[in-house]
Amino acid sequence: MATVVAFHAHPDDEVVLTGGTLARAVAQGHRVVLVVATDGRVHNEDDDVRLEELRVSADALGVHRVEHLGYADSGYGARFYPDPPGRVRFARADVEEAAQRLAAILRDESADLLLSYQANGGYGHRDHVQVHHVGKRAAELAGTPRILEATMPREMLIRLSRVARALRLPAPYEPEILPTAYTPGSAITHRINVFRYGRQKRDAFAAHRSQVGNNRVAAVLFGTLSWLPPQMVGAFLGREWFVDPALPPGRVCGDIFE
């Protein structure tokens, strides 16, 4: 059996991009470790509700270990807030220092595979871009043999945005982001069937209740998923995608360990 470490920017990213894949790996008997760079706090809130929600989500997915690298959320958008007292925003963190923190976990776990992000951070979020740089360097330091970068097919997001606009629903991403978001479907190397893990993914989504009021897209998504039966959740969110930067585009693998 193998050990996979999933490295994410914020609590809730683990579900959106890799929730079904992590649950599937656990079901296959692999050890799964979840690491987040930030605690999800942008304005130096006094509570750790986001990390508490992360632990509940991880339990729903069956994750064996959860770690936080200790950085603050850098926020999304044009304004890049100063560092809060006593904390460094992840996007301002020294890449080598952050990579050493992650590499220590990779070494401790003798990780066989690191799940990380693409160079564009998917949709350009500064923390997601930093995950790519830190994850890549950490794998080099720890000698982790493989990296897969979580992604989505760009064409699918464009279609979803068109449907959302037609139904007068909030689109998942701003129109100007879509032409360069995530990756073209032709560049995807791994397409994972996670239909059977709809219940785990639904319950992990439900753990992140604090985000519902902060984001219209999250509110619609949570409101829909919360009452759907697991089979319908699996059908709705039954695929997850990755790019192996060491592989040329071509044959698409159906398991992260291929």
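Predicted model, so just to flag it, every value in this text is computed and none were measured.

*Asks:* Could you clarify how one ought to interpret the packing of aromatic side chains in this entry?
*Replies:* One pass over the full model with this rule turns up six aromatic pairs. An angle of 85 degrees between the planes, with centres 6.4 Å apart, marks the rings of Phe7 and Phe90 as edge-to-face. Highlighted residues: Phe7 in strand β1 (residues 3-8) and Phe90 in the loop between β3 (65-71) and α3 (95-109), separated in sequence by 83 residues. Phe90 matches Phe7 in its accessibility class, with the two residues each being buried. For the pair Tyr123 and Tyr173, a centre-to-centre distance of 5.1 Å together with 40 degrees between the ring planes defines the contact as tilted. Note that Tyr123 is positioned in helix α4 (residues 121-124) and Tyr173 in the loop between α6 (154-166) and β6 (190-193), a separation of 50 residues in sequence.

*Asks:* Help me out: how do you make sense of the packing of α3 against helix α5 (residues 126-142) in this one?
*Replies:* Each pair of packed helices can be described by the angle between their axes along with the distance between the axes. Close contact between α3 and α5 brings their axes to 8 Å; oriented N to C, the two are set at 55 degrees. In terms of orientation, α3 and α5 fall into the oblique class. Read as a crossing pair, α3 and α5 show a hand that is right-handed. Together, Val95, Glu96, Ala98, Ala99, Gln100, Leu102, Ala103, Leu106 and Arg107 of α3 and Gln130, His133, Val134, Gly135, Arg137, Ala138, Ala139, Leu141 and Ala142 of α5 make up the contact between the two elements. Looking at the contact of α3 with α5 residue by residue, the classes come out as 11 nonpolar, four polar and three charged.

*Asks:* Sorry, what's going on with the packing of helix α1 (residues 13-27) against helix α2 (residues 49-61) here?
*Replies:* Where α1 contacts α2, the two axes come as close as 9 Å, and the packing angle between them is 40 degrees. Where α1 abuts α2, its residues Glu14, Val15, Gly19, Leu22, Ala23 and Val26 lie against Leu54, Ser57 and Leu61. Its residues assigned to classes, the contact of α1 with α2 comprises six nonpolar, two polar and one charged.

*Asks:* Teacher, can you tell me more about the sheet that holds strand β4 (residues 113-117) here?
*Replies:* Think of a sheet as strands paired side by side through backbone hydrogen bonds, with each pair either parallel or antiparallel. Read across the open sheet, the seven strands follow the order β3-β2-β1-β4-β5-β7-β6; overall the sheet is mixed. The sheet is open, and its two borders are formed by β3 and β6, each paired with just one other strand. Pairwise comparison of adjacent strand axes, ignoring direction, gives a mean angle of 25 degrees for this sheet. Bridge analysis of strand β2 (residues 31-38) against β3 gives five bridges, and the strand direction is parallel. The residue bridging Val35 from the neighbouring strand is Glu67, located in β3. Against the sheet, α1 makes contact with β1, β2, β4, β5 (146-151), β6 and β7 (239-243), and its axis sits at roughly 95 degrees relative to β7, the strand it touches most. Across the sheet, α3 is in contact with β1, β2, β3 and β4; its angle to β3 comes to roughly 165 degrees.

*Asks:* How should I be thinking about unusual backbone geometry in this particular structure?
*Replies:* With the exception of glycine, most residues fall at negative phi, and the peptide bonds are largely trans. Backbone geometry places Asp12, a non-glycine residue, at a positive phi of 105 degrees. Within the secondary structure layout, Asp12 lies in the loop between β1 and α1. The backbone of Tyr182 sits at a positive phi, close to 45 degrees, despite the residue not being glycine.

*Asks:* I would appreciate a short explanation of α3 in the present structure.
*Replies:* Structurally, the α-helix is built with 3.6 residues per turn, so residues lying three or four positions apart point the same way. Spanning 15 residues, α3 covers 21 Å between terminal C-alpha atoms, matching the ideal 21 Å at 1.5 Å per step. Considering only its buried residues, α3 is in contact with β1, β2, β3, β4 and α5. Structurally, the start of α3 carries an N-cap: the backbone nitrogen of Glu96 is 3.2 Å from a side-chain oxygen of Asp94. Note on α3: the residue one or two positions beyond its end, Ser110, has a positive phi of about 50 degrees.

*Asks:* What exactly am I supposed to notice about the pairing of β2 here?
*Replies:* Regular strands place their side chains on alternate faces of the sheet. Burial within β2 is extensive, with seven of its eight residues counted as buried. Examined bridge by bridge, β1 and β2 share six bridges and lie parallel to one another. Paired with Val4 across the strands is Val32, a residue of β2. With respect to chirality, the unit in which β1 leads through α1 into the neighbouring parallel β2 is right-handed.

Conventions and cut-offs
- Here the residue index of a chain counts from 1 through its sequence in written order.
- In keeping with the predicted nature of the model, local features appear solely for residues at pLDDT of at least 70, side-chain atom pairs appear and are counted solely at 80 or more, and the whole-chain, interface and lining totals rest on all residues.
- Side-chain measures here rest on the full set of heavy atoms in the structure, leaving out hydrogens and waters.
- Between the rings of Phe, Tyr and Trp (Trp by its six-membered ring), a pair exists once the centres lie within 6.5 Å; its type follows the angle of the planes, with under 30 degrees stacked, over 60 edge-to-face, and the other angles tilted.
- Working definition: helices are DSSP H or I runs of at least four residues, strands are E runs of at least two. Numbering for both runs from the N terminus.
- Think of it in three bands: residues with accessible area under 20% of the maximum for their type are buried, residues over 50% are exposed, and the middle band is partly exposed, with areas taken using a 1.4 Å probe on protein chains only.
- Geometry is summarised by axes, namely lines fitted to C-alpha atoms with helices restricted to the contacting stretch, and by angles between N-to-C directions that run from 0 to 180 degrees.
- Oblique is the label for any angle not covered by the other classes, which are roughly parallel (under 35 degrees), roughly antiparallel (over 145) and roughly perpendicular (65 to 115).
- In this scheme the handedness of a crossing depends on how the near helix is turned from the far one: anticlockwise by less than a right angle means left-handed, clockwise means right-handed.
- The contact definition used throughout considers only heavy atoms, calling two residues in contact when any of these lie within 4.5 Å.
- By the convention adopted, Pro, Cys, Tyr, Trp, Phe, Met, Ile, Leu, Val and Ala count as nonpolar, Lys, Arg, Asp and Glu as charged, and the other residues, Gly among them, as polar.
- Between any two strands, pairing holds if DSSP finds at least two bridges.
- Each residue after the first adds 1.5 Å to the expected span of a helix.
- Counted as a polar contact is a pair of N or O atoms within 3.5 Å, where, for protein atoms, one must be capable of donating a hydrogen and the other of accepting one, and residues adjacent in sequence contribute only when both atoms are in side chains.
- Classification remark: right-handed applies to a crossover when, strands pointing away from the viewer, the course from the first strand over the helix to the second runs clockwise.

On their own, these measurements won't tell you what the molecule is for.
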